[in-house]
Number of protein chains: 2
Amino acid sequence: MNAVGSRLLTRSTEDYLKAIYSLGGDAGLPVQTAAIADALGVAAPSVSGMLRRLAEAGFLEHIPYRGVRLTDDGRRVALRMVRRHRILESYLTSKLGYDWDSVHDEAERMEHAVSDDLIERMAQVLGSPSYDPHGAPIPTPAGEVEELKHVPLAELGVGQWGELRMVSDKDPERLRFLKSVGLEVGTRFQVIERQPFNGPVTIRVAGRQPQPLGNELARSLGCAARETEGAA
Amino acid sequence: MNAVGSRLLTRSTEDYLKAIYSLGGDAGLPVQTAAIADALGVAAPSVSGMLRRLAEAGFLEHIPYRGVRLTDDGRRVALRMVRRHRILESYLTSKLGYDWDSVHDEAERMEHAVSDDLIERMAQVLGSPSYDPHGAPIPTPAGEVEELKHVPLAELGVGQWGELRMVSDKDPERLRFLKSVGLEVGTRFQVIERQPFNGPVTIRVAGRQPQPLGNELARSLGCAARETEGAA
DNA sequence: ACAAGAAATTAGGTGGCCCTAAATATGAAG
DNA sequence: CTTCATATTTAGGGCCACCTAATTTCTTGT
Ligand SMILES: [Mn+2]
Ligand SMILES: [Mn+2]
Ligand SMILES: [Mn+2]
Ligand SMILES: [Mn+2]
C-alpha cells in the first residue's frame, strides 16, 4: 500500500521532501534538521514537527537527534517534484520568454498546482528535454535521474579549456551576473590564472576580456574539461 | 489604503471572492450564505466564518442574516481571478491541446499559483483574446468586462436560426455531450420544435440529424439569434 | 399574531503549519 | 569524565480553514 494514499501531499510537504532529497536524503549521511530549516527558511522546531508527520506517513525515517533519510515513497514524491520543477522551468523559458534568472520562483509555486497531465503535455511539446535551463538533469516520469559528474570550475587547471554545464538556479543575481559576463550553459572558456589561498579564478570566454571569478562562485559552476576551444 | 495589503489572499479567499462575484455579488440582491456554500462545496458555518474575515479585511460588506456584497477591493480581486482563470483556459486549450471539457479543473488550481507576469505573457502569445474557450468574456487587466446579452437557446422561437455563443464550463459531462452532438461556440443551428411545459427543444445543426435538448440544458446555452443559416 | 420551517450564526473542535521560549541530548574540548 | 556549545526536541500558542451540533433569526402561512 502506497503511502501516497494519505492526502498529506500539500505544498509544504512536497517542498520538504524535495529539499531533503536535494540535501542528499538519498544516500550517505542523514539530513539534519538545521539544514532543512535553512533550505526552507523556517525555524528548526517547525522542521521537527513536520518530520514527525512525514515519518508517520511513511515518507522518511527519522533517527531523533540524528536526522532523516527518505524512504522509497519519499524519494518517489521528491523526484516527481524535481521533474515538475525542471519541466516547468524549461517550458517557461522556451515557450513564454522567461530568462533563466526568473523562472525558478514561478516554477517553485506552479509545481504544486499543476496536474501530471499538464507536465507531460509540456514535456511533449518541448520534445522530452533531458536538461533544464540551468543544466540540471530532468528525472523521467518513472523517477530515474542521470548522475552527473561535473568538475567545479574552481578545480580546472591553468591553461585548461572547459565548458559550463550546470549552474544553481537559486540565486537570480548570480545568474544575471553570469549571463552578463558571457557564461551560459554550453559556454566554452579557458582558465587563465588561479590565485592561491582560495583566491579568484580568471577565465577567458572567446571574444571577451579575461574575467576574474570569486572562488565561491567558481566552486558552484559545474563544468566539463575540454581539450580544445572548439564549440560543442 | 488598499485592503489587498493584507496578505489574506490565499487560495480559499480568492475562490470565495470569485464565487461571490459570479453569484452576482456585484449588483442586485446580496449573495446568500447558502449559495456560496453550495458553489464552493463547504458547509454553511464555514462560509459564515470566512465572510466575517473577508468583511474585516474590507473585501465585502456583510449584512447578518441577509448576505454579502463585494466592495471595490473585493470586486477587483474577483475580476483578477476571473481574468486569470479564463486566460489559463484559453492558453491550455490553444497551446497544450486541452479539450474544453478538461481545462476548468486545471485552471481552477493554477489561477492561484501563477504570477501576473505569466498570465500577461500567456495573453500576449495568444494575441490578447477576448473570450475563453466556453465563450465567456475575459476581463482586461484593468478589470473591465464586456456585458454579454445572450438569449437562452430555450427561448428561441421555432424555425429561428441561432448561434451558440457561451456555455458554462462547470460540468465536463455536459461539455462532452454538446461536442458529441456538434455544438461548439460558434455553431449555427435552427430550432425545429419546442415541447410545451418546459419540455425539450429540438434543433438541427447543419449536416446532422435533428437533436432534442432537455429544457434545463437549453436554458443554460447562451445564444445569439441569427437571420440565416450562414456561418459567422 | 404566532408557530413552523428555513437559513444563518455561534459554539466548540480538528488538523496543518508556522512561531518563540524552554528543556534536553550530543559531541568535542579540556 | 565533566563541562560547554550547539543541535534538536518539547511545550505552548496563533492563524487558517474546515467540520458538526446547538442556537438564533427571519419568513411565511394560517
Ligand atoms: Mn529551480
Ligand atoms: Mn515549491
Ligand atoms: Mn472555468
Ligand atoms: Mn480556484
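Here, every reference points to the structure presented above.
Everything numeric in this text was worked out from a predicted model, so none of it was measured.

Novice: A description of unusual backbone geometry should follow, citing residues and the corresponding values.
Specialist: Residue and element names in this part refer to chain A. Even without glycine at this site, Ser 128 takes up a positive phi of about 50 degrees. As for its position among the elements, Ser 128 is in the loop between helix H6 (116–126) and strand E3 (151–152). The exposure class of Ser 128 is exposed, given its relative accessible area of 54%.

Novice: If you had to explain the relation of the copies chain A and chain B to someone new, which residues and values would you point to?
Specialist: After a rotation of 180 degrees and a shift along the axis of 0.0 Å, chain A superposes on chain B with an RMSD of 0.0 Å. When the rotation and shift are considered jointly, the pair of chain copies conforms to a two-fold rotation axis. An overlap of 100% is found between the interface residues of chain A and their copies at the interface of chain B, pointing to a shared contact surface.

Novice: Any chance you could break down the protein's contact with DNA strand D for me, citing the residues and the numbers?
Specialist: The full set close to DNA strand D counts 23 residues, and Ser 48 and His 62 of chain A together with Thr 10, Ser 46 and Arg 53 of chain B are the nearest of them. Near the protein, meaning within 4 Å, the atoms of DNA strand D are sugar or phosphate in a fraction of 78%, with bases accounting for the rest. Contact distances for DNA strand D include 3.4 Å between a phosphate oxygen and a side-chain N or O atom of Tyr 16 of chain B. Between DNA strand D and Ser 46 of chain B there is a distance of 2.3 Å, counted from a phosphate oxygen to a side-chain nitrogen or oxygen. Secondary structure elements with two or more residues in the surface near DNA strand D: helix H2 (33–40) and helix H3 (44–56) of chain A together with helix H1 (11–22) and helix H3 (44–56) of chain B.

What counts, and where the lines are drawn
- Residues numbered from 1 in each chain as written.
- Chains lettered and ligands numbered in written order.
- Predicted model: local features only at pLDDT ≥ 70, side-chain atom pairs only at ≥ 80, totals over all residues.
- Heavy atoms only, no water.
- Helix = DSSP H or I, 4+ residues; strand = E, 2+ residues; numbered from the N terminus.
- Buried < 20%, exposed > 50% of the residue type's maximum accessible area, 1.4 Å probe, protein only.
- Least-squares fit on C-alpha atoms with pLDDT ≥ 70 in both.
- Contact = heavy atoms within 4.5 Å.
- Near = heavy atom within 4 Å.
- Polar contact = N/O pair within 3.5 Å; in protein donor to acceptor, adjacent residues only side chain to side chain.

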